[in-house]
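# Observations on the three-dimensional arrangement
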Amino acid sequence: MTLSRDLSGKIALAGVYEHPTRWAPDKTESQIMAECARGALDDCGLSLDDVDGLFSAGMAMGPMGVVSLAEYLDLKPNYIDGTNIGGSSFVAHVNHAAAAIHAGLCEVGLILYGSTAASNALAIGTGMGGAARDAAGSFVSPYGMTTVGSYALVAQRHMHEYGTTSEQLAEIAVTMRRHASLNPHAKMRKPITIDDVLESRVISDPLHLLDCCIISDGGGALVVTSAERARDLAKPAVLIQGCGEAVCHREIGSPDLLTIAARQSADNAFAMSGMSRDDIDLCTVYDSFTITALVTLENLGFCKPGEGGAFVEGGRIGLGGALPVNPDGGGLSSNHPGMRGIFLVIEAVRQLRAECAGRQVEGAQVACVHGTGGTLGVAHSGATLILSKA
Amino acid sequence: MAAEISYSKPVADWETRAFWEGCGRHELVLQRCRDCQTVQFRPRAICAKCLSSEIEHFVASGRGSVYTFTITHQNNVPAFRDACPYVLAYVELEEGPQLMTHVVGCDPQDVKIGMPVRVEFVDLERDPARDAARGIDAGTAIPRFRPA
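One structure accompanies this document, and this report is about it. (Residues numbered from 1 in each chain as written. Chains lettered and ligands numbered in written order. Predicted model: local features only at pLDDT ≥ 70, side-chain atom pairs only at ≥ 80, totals over all residues.)

## Section: the overall build of chain B
Short version of the rule: Under the DSSP-based scheme used, a helix requires at least four consecutive residues in state H or I and a strand at least two consecutive residues in state E, with every element numbered from the N terminus. Throughout, radius of gyration means the C-alpha value; the globule benchmark is 2.2 Å times the number of residues raised to the power 0.38. We call a residue exposed when 12 or fewer other C-beta atoms sit within 10 Å of its C-beta, buried when the count reaches 20 or more, and partly exposed for counts in between; the C-beta positions come from the backbone. By the criterion used throughout, residues are in contact when their C-beta atoms, derived from the backbone, lie within 7 Å.
The helix and strand inventory of chain B stands at three helices and eight strands. In chain B, the succession of α and β elements from N to C terminus is α-β-β-β-β-α-β-β-β-α-β. A globule of 148 residues ought to have a C-alpha radius of gyration of about 15 Å, and chain B, at 16 Å, matches this closely. Overall, chain B is about 45 × 40 × 25 Å in size when its C-alpha atoms are taken along their principal axes. Taking all 148 residues of chain B together, 39% fall into the buried category. Contacts in chain B between residues at least 24 apart in sequence constitute 61% of all its contacts with a sequence separation of at least 6.

This is the structure:
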């Protein structure tokens, strides 16, 4: 089936806001979300009264969390979406908001994320396994698969199949830190070298400490509306040209660990947009680990499988390079409260509006956004957006 | 020197009890669909390829090779804190499926992708009441692999 291209160019991201905090022991997650809502609505000149679609997810949010959030915000939306597919959820929420607005089921969608993972001392990456909670988990939890461990399985295989090196993975970490040093709100800003990465302790071979994302507190908000409505609002609109989402898992047969959800979601998003990879001026991609960014760039189609190592060398993915990636410093150095998909969208929108003085991709017209949800190496999700300046 | 891992009991349900009871007999039990011949893991009550309910179980050879692995040096949960470093791996069985597991019986640094391995089983303590509550009538064991 060829997916519809109908909504391409018709829906816009009108307001965005990334909470400046990276450490907020004095805030609740709901509070962070409300502060972000205020920020994104102020950004586009709308108010909570204008919002009739609500989208949210969070690690501490229960299955009906979006209902409780509606109460906290005193909202009565016509469209509700609490899809939680991991860190990509908010990118998928943009897809869903676009579809809902295009179908006339709501006019203004508000997407929210807030987390105090750092001040709650959540060992997101390195504390898993043991007693199984359910039958399905029983095939994994006896073996103590940590988040870092599962990504390390992918990295190890990539090195085996393609000769990718730790130095090439380290390039990504070094680039993200360089970008973060230009971002006043980033958590880790002191530049690092390849040697620093390689000398940092091995958490799960072959991934070192500096191959792994930080843990922060934080939050963000997005306001999605029709392109028409966005034209009258405070900031230049950013149009959704294409969107797609996908699930990738340990399918029957001999699953290829190095094909990830991004391949399918990106093919769908690019097809919808009618654009090619060459049209993209910058990428914001989930970088829970260096390997995440590398295999994502391959699966998004910016280079062939196996070429990711060479692709990230020589400054190509740095500001000033041919395809800047995560100019904000990403999850590796700027912000990662457990689920970072919303920040991918925020940074892409701000870059396309030329609002990122000091780390601006000059002349950015088109961005590719890709969020990974869950953990590579096991069942995971992906969601891709192609965004353009209006 | 890493401490021996103390494996936790799995939770079995109708779909997976044949696998875990097989482990208790030190047999690696896989499923094959009688209608489309697909061999599947993890176990299900239906064939994920064709949705047939005609699932038969068979005992696998227990042989496979390392598809990928990692040496985990840090895991903060009590069950694994002292077991580090341990080798987490996907082993691809001769019969096709890949399963997540541990590789033991050699220096972690000697584990290689492609290395032939064979299954072994770590018996878990029997606790009839707890086993029954978790859907397992017989004792069970946790499968892992060592160099063949």
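## As for the overall build of chain A
What chain A contains, in helices and strands, is twelve helices and eleven strands. Computed over C-alpha atoms, the radius of gyration of chain A comes to 19 Å, within 12% of the 21 Å expected from 2.2 N^0.38 for 390 residues, which places it in the range of a compact globule. Each of the 390 residues in chain A was classed as buried or not, and the buried ones make up 61%. Intrachain contacts of chain A at a sequence separation of at least 6 include 77% that bridge at least 24 residues.

## Section: the sheet that holds strand E8 (residues 238-248) of chain A
Residues and elements named next belong to chain A. Condition: Two strands pair under a simple rule: DSSP has to find at least two bridges between them. Axis geometry follows a simple rule: fit a line to the C-alpha atoms, using only the stretch in contact for helices, then measure angles between N-to-C directions, giving values from 0 to 180 degrees.
Taken in spatial order, the nine strands make up an open sheet running E3-E2-E4-E7-E1-E8-E11-E10-E9, and their pairing is mixed. The sheet terminates laterally at strand E3 (79-81) and strand E9 (282-285), the two strands that pair on one side only. Direction aside, neighbouring strands of the sheet carry axes that sit 20° apart on average. The sheet contact formed by strand E10 (residues 366-374) and strand E11 (residues 380-389) spans nine bridges and is antiparallel. Directly across from Thr 372, in E11, lies its bridge partner Gly 382. Sheet contacts for helix H2 (residues 65-72): strand E2 (53-56), E3 and strand E4 (108-115); angle to E2, the most-contacted strand, approximately 125°. Across the sheet, helix H12 (residues 341-352) touches strand E1 (11-18), E4, strand E7 (218-226), E8, E9, E10 and E11, and the angle it forms with E10 is around 175°.

## Some words on the nonpolar core
The condition is simple: Buried Ala, Val, Leu, Ile, Met, Phe, Trp, Tyr and Cys residues form a nonpolar core when they are connected through C-beta atoms within 7 Å.
Core analysis: the biggest nonpolar cluster contains 163 residues, and Leu 13, Val 94, Ile 111, Leu 222, Val 345 and Leu 387 of chain A have the highest contact counts within it. For Leu 387 of chain A, the contacting residues outside a window of four places in its chain are Leu 13, Val 238, Leu 239, Ile 240, Gln 241, Ala 348, Val 349, Leu 352, Ala 367 and Val 369 of chain A.

## Observations regarding the environment of Leu 30 of chain B
Mapping Leu 30 of chain B onto the fold places it in strand E1 (residues 29-33). Residues Leu 30 of chain B and Glu 95 of chain B, 65 residues apart in the sequence, show an inter-C-alpha distance of 8.8 Å.

## Let's talk about the sheet that holds strand E3 (residues 55-59) of chain B
Residue and element names in this part refer to chain B. Spatial strand order, E2-E1-E3: three strands in an open sheet with antiparallel pairing. Sheet topology places strand E2 (39-40) and E3 at the edges, where each strand pairs with a single neighbour. The sheet contact formed by E1 and E3 spans five bridges and is antiparallel. Bridging across to E3, Arg 32 finds its partner in Glu 56.

## So, unusual backbone geometry
Backbone phi values are negative for most residues with the exception of glycine, while trans is the configuration of most peptide bonds. All names here are of chain B. At the junction of Phe 41 and Arg 42, the peptide bond is cis and its omega measures out at 25° in the coordinates. Secondary-structure assignment places Arg 42 in the loop between E2 and E3. With a phi angle near 70°, Gln 37 is a residue other than glycine that sits in the positive phi range. Looking at the element boundaries, Gln 37 is found in the loop between E1 and E2. Here Gln 37 falls in the exposed class, since 10 other C-beta atoms lie within 10 Å of it.

## Side note on H12 of chain A
Counting along an α-helix, one turn takes 3.6 residues, and residues three or four places apart therefore face a common direction. All names here are of chain A. Under the convention used in this document: One fewer than the residue count of a helix, multiplied by 1.5 Å, yields its expected span.
Between its first and last C-alpha, H12 extends 17 Å over twelve residues, near the 16 Å set by a 1.5 Å rise per residue. Most of H12 is tucked away, with twelve of its twelve residues classed as buried. Regarding H12, the residues found buried are Gly 341, Ile 342, Phe 343, Leu 344, Val 345, Ile 346, Glu 347, Ala 348, Val 349, Arg 350, Gln 351 and Leu 352. Taken from the residues just after H12, Ala 354 is the one with a positive phi, measuring 60°.

## Thoughts on the interface of chain A and chain B
Selection rule: Polarity classes work like this: nonpolar for Ala, Val, Leu, Ile, Met, Phe, Trp, Tyr, Cys and Pro, charged for Asp, Glu, Lys and Arg, and polar for all others, with Gly in that last group.
Across the boundary between the two partners, chain A contributes 34 residues, which contact 37 residues of chain B. Those elements that place two or more of their residues in the side of chain A that touches chain B are helix H4 (147-162) and strand E5 (202-204) of chain A. The biggest single contributor to the side of chain A that touches chain B is H4 of chain A, with six residues. Partitioned by chemical class, the residues of the side of chain A that touches chain B number 17 nonpolar, 13 polar and four charged.

## Quick word on helix H1 (residues 29-44) of chain A
All names here are of chain A. Taking 1.5 Å as the rise per residue, H1 with 16 residues should run 22 Å; its terminal C-alpha atoms sit 23 Å apart, in good agreement. The set of residues buried in H1 consists of Glu 29, Ile 32, Met 33, Ala 34, Cys 36, Ala 37, Ala 40, Leu 41, Asp 43 and Cys 44. In the core, the buried residues of H1 are packed alongside E1, E2, H2, E4 and E7.

## Details of the environment of Gly 330 of chain A
All names here are of chain A. Structurally, the position occupied by Gly 330 is in helix H11 (residues 330-334). The exposure class assigned to Gly 330 is buried, which follows from the 34 C-beta atoms found within 10 Å. With 153 residues separating them along the chain, Gly 330 and Arg 177 place their C-alpha atoms 8.5 Å apart. Ignoring any residue separated from it by four or fewer positions in sequence, one finds Gly 330 in contact with Met 176 and Asp 287.

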